[in-house]
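Structural overview for review
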Amino acid sequence: MAAIPLIVGCNMKAIQILEKQNIQVVEVDEPKMRPNHSKIKVLSMGVCGSDVHAYAGKSPNVQYPVIIGHEIVGEIIEIGEGENPRQLRVGDRVVLNPYLYCGTCYACEQGQTNACSSLKCLGVQTDGAMCDTFVHPTKLMIKVPDTIDNELGAVIEPTVIALHALHRMEAKAGEHVVIIGAGCIGLLTAIVAKAKGLKVIVADVVDERLEVATSLGVDGTINPMKENAVEKLSALTNGRMAECVCEMSGSAAGVRSVLDYAASTGRIALTGWPDREVELPTAVITRKELKILGSRTGVTEEFEEVVSMIEEGKIDPRKIISRVVDFNELPETIAALDKDPGMAIKVVALR
Ligand SMILES: [Zn+2]
Ligand SMILES: [Zn+2]
């Protein structure tokens, strides 16, 4: 008997990295529904530094081929059976919390699901959502109100990373925060910190980036390549130094400088990912009794908080979007960002 062709898959387009420096629009099967999951039609996608790193072959966690994309807004087209804690409905626009966690490890037990010992990020350890439709746990979908358009919605996820660093340090209004690294996450941290009433000082070795920080209304900038950073920070803080320091550059020099920028008993959040070990004079940590905190990604409640802050007009993360492209332009855009990371702070793609 002749073989009968079985189900013909519904094909969809996706942005896939096939191997190092080979990124294409490909056709793949549409994802299947699962219990506790819902299906979205993808509407907008932010391009993250980690997407560019994956393309460049600099991301140790990525296994090719991989569909990238984790900064995602979509419209729900099907609600799966099971968990739906925020009573989402078909037609709702949502942002994805793209960090899949196990729910049973020590970190998850404490509610720090962002630091799950087997955390999987979309587009890194598992396929991402730069595609037509995507199936994701319903509990990791957060409703986006009509006042936040798709373009702006695509920067909610990186803004969560910024907010999480401030939460980790328990940063309070009136305190000084030094943000090391004026890239996307650093600038978003400046925006959120200003909204929370902190005095914000941004350090970077590129003057153009400091100019962007200045345009966001920060209270001071430091270029440690061109000026004595410790003296300048001392002047900006009336000799106190910073109660809070966030390292967002991932550079060895940036990591090393946190100990000098922090006030005695200050709190430090390490968000950047250095690509090698960094030596630190730990006697300074002891002498100043510093609190050094890791900070990565964020939890679902922080997605809700960022959505509220935007909706209430407290923050405007749109200021860091420097380019909007079409979905089909993503491969060439990501290749161009690898060649020239300075060409845009944040790129967002729309469907
Ligand atoms: Zn990202
Ligand atoms: Zn876990």
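Here, every reference points to the structure presented above.
The structure presented is a predicted model; accordingly, all values stated were derived computationally and were not measured. (Residues numbered from 1 in each chain as written. Chains lettered and ligands numbered in written order. Predicted model: local features only at pLDDT ≥ 70, side-chain atom pairs only at ≥ 80, totals over all residues. Heavy atoms only, no water.)

The next point concerns the coordination of the zinc ion (ligand 1). For the zinc ion (ligand 1), every protein donor is listed as Cys48 (SG), His70 (NE2) and Glu71 (OE), and the spread of their distances is 2.1 to 2.4 Å. In terms of primary sequence, the donors binding the zinc ion (ligand 1) are separated according to C-x21-H-E. Residue cysteine 48 is located in the loop between strand E3 (37-47) and helix H1 (49-56), and its partner glutamate 71 is located in strand E5 (residues 71-79); the two are separated by 23 residues in the primary sequence. A residue is classified by how much of its surface remains accessible, and cysteine 48, at 18% relative accessible area, is buried. (Donors = N, O, S within 2.8 Å, 3.2 Å for Na, K, Ca; no water. Helix = DSSP H or I, 4+ residues; strand = E, 2+ residues; numbered from the N terminus. Buried < 20%, exposed > 50% of the residue type's maximum accessible area, 1.4 Å probe, protein only.)

Once that is clear, we can look at the coordination of the zinc ion (ligand 2). For the zinc ion (ligand 2), the full set of protein donor atoms is Cys102 (SG), Cys105 (SG), Cys108 (SG) and Cys116 (SG), and the range of their distances to it is 2.3 to 2.4 Å. Around the zinc ion (ligand 2), the four donor atoms sit at angles spanning 104 to 119°, and that spread fits a shape best called tetrahedral. Site description for the zinc ion (ligand 2): donor spacing in sequence, C-x2-C-x2-C-x7-C. (Tetrahedral: all angles 85-135°; square planar, octahedral: opposite > 155°, others 65-115°.)

Counted according to the given criterion, the structure contains 16 salt bridges. With a shortest N-O distance of 3.1 Å, glutamate 305 and lysine 196 are connected by a salt bridge. You can see glutamate 305 sitting in helix H10 (residues 300-311) and its partner lysine 196 sitting in the loop between helix H5 (184-195) and strand E12 (199-203), a full 109 residues away along the chain. For lysine 196, a relative accessible area of 26% gives the class partly exposed. When salt bridges with common partners are traced through the structure, they connect Asp149, Glu151 and Arg318 into a single cluster. (Salt bridge = Lys/Arg side-chain N within 4 Å of Asp/Glu carboxyl O.)

Below, the discussion takes up the packing of aromatic side chains. One pass over the full model with this rule turns up zero aromatic pairs. Above the plane of the ring of phenylalanine 327 lies arginine 351, whose end atom (NZ or CZ) is 3.7 Å from the centre. (Phe/Tyr/Trp six-rings, centres within 6.5 Å; stacked < 30°, edge-to-face > 60°. Lys NZ or Arg CZ within 6 Å of the ring centre and 35° of its normal.)

Glancing now at the packing of helix H4 (residues 156-168) against H5. In contact at an axis separation of 8 Å, H4 and H5 are set at 60° when each is read in the N-to-C sense. Relative to H5, the element H4 is oriented oblique. The handedness of the crossing between H4 and H5 comes out as right-handed. Across the interface between the two elements, Pro158, Thr159, Ile161, Ala162, Leu163 and Leu166 from H4 touch Cys184, Ile185, Leu188, Thr189, Val192 and Ala193 from H5. (Axes fitted to C-alpha atoms, helices over the stretch in contact; angles between N-to-C directions. Parallel < 35°, antiparallel > 145°, perpendicular 65-115°, else oblique. Left-handed = near helix turned anticlockwise from the far one by under 90°. Contact = heavy atoms within 4.5 Å.)

On the surface, a cluster of nonpolar side chains totalling about 290 Å² of accessible area is made up of Val205, Val206 and Met225. Among the structural elements, methionine 225 can be located in the loop between strand E13 (220-222) and helix H7 (229-236). (Patch = residues over 30% accessible without salt bridge, like charges linked within 9 Å, V, L, I, M, F, W, Y side chains within 5 Å. Areas by Shrake-Rupley, 256 points an atom, 1.4 Å probe, with all protein chains shown as cover.)

The two faces of a sheet get side chains in turn, since along a regular strand they alternate between them. Judged from the four bridges that link them, strand E15 (residues 262-270) and strand E16 (residues 291-294) form a sheet pairing that is parallel. For arginine 267, the partnering residue across the bridge sits in E16 and is lysine 291. Viewed along the sheet, the connection from E15 through helix H9 (residues 282-288) into E16 turns out right-handed. (Pairing = 2+ DSSP bridges. Right-handed = clockwise from strand over helix to strand, strands pointing away.)

The strand order across the open sheet formed by three strands is E2-E1-E4, and the pairing between neighbours is antiparallel. Pairing within the sheet leaves two strands with one partner each, and these edge strands are strand E2 (22-29) and strand E4 (66-67).

Time to look at the packing of H4 against H10. Two elements in contact, H4 and H10, have axes separated by 9 Å at closest approach and are oriented at 105°. With respect to each other, H4 and H10 are oriented roughly perpendicular. Residue-level contacts link Ile156, Glu157, Thr159, Val160, Leu163, His164 and His167 of H4 to Glu302, Phe303, Glu305, Val306, Val307 and Ile310 of H10. Residue composition of the contact of H4 with H10, grouped by class: seven nonpolar, three polar and three charged. (Nonpolar A, V, L, I, M, F, W, Y, C, P; charged D, E, K, R; others polar.)

Burial analysis of strand E9 (residues 133-137) places five of its five residues in the buried class, which makes it a mostly covered element. With five bridges connecting them, E3 and E9 associate as antiparallel partners. Across the sheet, lysine 41 pairs through a bridge with threonine 133, a residue of E9.

This part is about the sheet that holds E16. Reading across from one edge, E13-E12-E11-E14-E15-E16 is the order of the six strands in this open sheet, with parallel pairing throughout. Looking along the sheet, the strands with just one partner apiece sit at the ends: E13 and E16. The average angle at which neighbouring strand axes cross in this sheet is 20°, direction not considered. Across three bridges, E12 lies against E13 in parallel orientation. Within E13, the residue paired with valine 202 across the bridge is threonine 221.

Next up on the list: the side chain of glutamate 71. The exposure class assigned to glutamate 71 is buried, which follows from its relative accessible area of 2%. A polar atom in the side chain of glutamate 71 sits 3.5 Å from the side chain of histidine 70. A distance of 2.7 Å separates the side chain of glutamate 71 from the side chain of lysine 346, its partner in a polar contact. Residues contacting glutamate 71, with those up to four places away along its chain left out, are Ser44, Met45, Gly46, Val47, Cys48, Ala154, Glu157, Pro158 and Lys346. (Polar contact = N/O pair within 3.5 Å; in protein donor to acceptor, adjacent residues only side chain to side chain.)

Interpretation note: all reported values are geometric properties and have no functional meaning in isolation.
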